[in-house]
Amino acid sequence: MKDIKYIGVQDRNIDLFEGQYVVPNGMAYNSYVIMDEKITVMDTVDVNFKDEWFSNLDKVLEGKTPTYLVVQHMEPDHAANIAAFMDKYKECTVVSNDRAFFMMKNFFGEDYESRRIVVNEGDTLSIGSHTLTFVFAPLVHWPEVMVTYDAKEKVLFSADGFGKFGAIDADEEWACEARRYYFGIVGKFGAQVQSLLEKAKTLDIETICPLHGPILTENLGYYINLYDIWSSYKSESEGVAIFYTSVYGHTKKAAEILAEKLKEKGCEKVVISDLAREDMAECVEDAFRYPRICLATTTYNGDIFPYMKTFIDHLVDRLYQNKKIALIENGTWAPQAARRMKKKFETSKNIEFTPTVCKVISSVKEENIKELDAMAEELLK
């Protein structure tokens, strides 16, 4: 990118993103400057990095003054320094949409009525040799979100779209942390992402500049295809994912036997996860990734064991659909978990349950092994 400069920051101190997602490799808060006749800053960063961000900005400006601040998303990890920026550059105009200005007023007590440009879907802004086009992306993943296309350098500033967990210099595969990020944060809004992808098809894009994660410059079809799969609730990879909770090890044993049965019958990819000990967001990611899953849990207080209940809530809240599900339940005197798990998916679309339900009474017995064998066959049909 010739005229577009990166001024983002890397947060290596954060432990939980949005107060819930473990981020062992930190987070990137991205911000950009378009150097043209009217210098334009694209978004700010988290409040904890205000001084570093202004320092990065000053180095790029080299004494010049920005004309515009474009605000694409009002979440505080990107918008926290709007007031400080507008106070420092008193001649600057902030560019955003009505919903964003409403939020600005609530966050900062100021909506810059005398120093703003309110844009609508498809509006353009000429800043010299660059022309910016504003494309609305409501609920990807807040209602005010918009993305911005720069026609000269064929760049899409994609807001939170195409973002990922991890600092930019994190040595990790893009898809893994982008998938966990997507399903954790954007997953419920697949229809809105599909709408944005349709709009993006009309643009000649060579570079994607997200607000989190690396700038994407090569093989853009790979990233766009994954977003299409994720947002249309298709399965990305072949295989079976097994999720269990276990109090004394008997439900775990049933889950492990099922895993072995699946492998014996030719299933090349079997993922097995202990919901009480593994990162819940990783488990949610895998549940969406694979077309077939098994849920194995105990009856607890006449209901579903808490970690499993929470896990299913995460799936249903994110519009879980188009899957085959097998159920394993355990109980010493009144097993109810399978019935209650199945009920939680009542509003989910295109969910198929295997005919066989494995009912463990306290410990795994010979009849359970036969049930698990039949269940494996049904999952792989």
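Please read these numbers as outputs of a predicted model, since none were measured by experiment.

(A) Representation of the packing of aromatic side chains in the model. Going through the model one piece at a time under the given rule, you end up with 26 aromatic pairs. A ring pair is formed by Trp53 and Phe85, whose centres lie 6.0 Å apart and whose planes are at 45°; its orientation type is tilted. Here Phe85 lies in helix α3 (residues 82-88) and Trp53 lies in helix α1 (residues 50-61), a separation of 32 residues in the sequence. The exposure class of Trp53 is buried, given its relative accessible area of 0%. With a centroid separation of 6.1 Å and 55° between ring planes, the pair formed by Phe183 and Trp230 is classed as tilted. You can see Phe183 sitting in helix α5 (residues 174-186) and its partner Trp230 sitting in helix α7 (residues 220-231), a full 47 residues away along the chain. Each member of the pair, Phe183 as well as Trp230, carries the same accessibility label: buried.

(B) A look at unusual backbone geometry. For the bond from Val140 to His141, the omega torsion is 10°, close enough to zero to count as cis. By the secondary structure assignment, His141 is in the loop between β12 (131-136) and β13 (146-150). Backbone geometry at Glu18 places phi at a positive 55°, although glycine is not the residue there. Mapped onto the fold, Glu18 is located in the loop between β3 (16-17) and β4 (21-22). A positive phi angle is found at Asn350, which is not glycine, with a value near 55°. Within the fold, Asn350 resides in the loop between α11 (337-344) and β21 (351-361). Residue classification places Asn350 among the exposed residues on the basis of a relative accessible area of 57%.

(C) The arrangement of the sheet that holds strand β6 (residues 32-34) in detail. One open sheet accounts for six strands, arranged β1-β6-β7-β8-β9-β10; its pairing is mixed. The strands lining the two open edges of the sheet, one partner per strand, are β1 (4-6) and β10 (116-118). Sheet twist, expressed as the mean angle between neighbouring strand axes with direction ignored, is 20°. Across three bridges, β1 lies against β6 in antiparallel orientation. Each bridged residue has a counterpart across the sheet, and for Tyr6 the counterpart in β6 is Tyr32.

(D) Molecular detail of the environment of Ser129. Assignment of secondary structure puts Ser129 in the loop between β11 (124-126) and β12. Note: C-alpha distance between Ser129 and Met35 (94 residues apart in sequence) is 9.8 Å. At 2.9 Å, the side chain of Ser129 forms a polar contact with the side chain of Lys152.

(E) Molecular detail of the pattern of salt bridges. Counting across every chain of the model gives 26 salt bridges. For the salt bridge of Lys90 with Asp87, the shortest nitrogen-to-oxygen distance reads 2.8 Å. Residue Lys90 is classed as exposed on the basis of its relative accessible area, which comes to 51%. Among the ionic pairs, Asp274 bridges to Arg277, the shortest N-O distance being 2.8 Å.

(F) How the structure looks around the nonpolar core. With 94 residues, the main nonpolar core has Phe17, Phe85, Leu295 and Phe311 as its most contacted residues. For this core, the element with the most residues is α5, which contributes eight residues. Residues in contact with Leu295, not counting those within four places in the same chain, are Phe243, Met308, Phe311, Ile312, Ile325, Ala326, Leu327, Ile328, Met341 and Phe345. Listed in part, the 22 residues of the second largest apolar core include Tyr244, Ala254, Ala255 and Leu372.

(G) The sheet that holds strand β14 (residues 155-157), seen in detail. Ordered in space as β11-β12-β13-β14-β15, the five strands form an open sheet in which the pairing is mixed. Looking at the sheet topology across the chains shown, the edges are occupied by β11 and β15 (207-209). Put simply, the sheet's adjacent strands are angled 20° from each other on average, direction ignored. Here β11 runs beside β12; their pairing, made up of three bridges, is antiparallel. Across the sheet, residue Thr124 finds its bridge partner in β12, namely Thr133.

What counts and how
Residues numbered from 1 in each chain as written. Predicted model: local features only at pLDDT ≥ 70, side-chain atom pairs only at ≥ 80, totals over all residues. Heavy atoms only, no water. Phe/Tyr/Trp six-rings, centres within 6.5 Å; stacked < 30°, edge-to-face > 60°. Helix = DSSP H or I, 4+ residues; strand = E, 2+ residues; numbered from the N terminus. Buried < 20%, exposed > 50% of the residue type's maximum accessible area, 1.4 Å probe, protein only. Pairing = 2+ DSSP bridges. Axes fitted to C-alpha atoms, helices over the stretch in contact; angles between N-to-C directions. Polar contact = N/O pair within 3.5 Å; in protein donor to acceptor, adjacent residues only side chain to side chain. Salt bridge = Lys/Arg side-chain N within 4 Å of Asp/Glu carboxyl O. Core = buried A, V, L, I, M, F, W, Y, C linked by side-chain atoms within 4.5 Å. Contact = heavy atoms within 4.5 Å.

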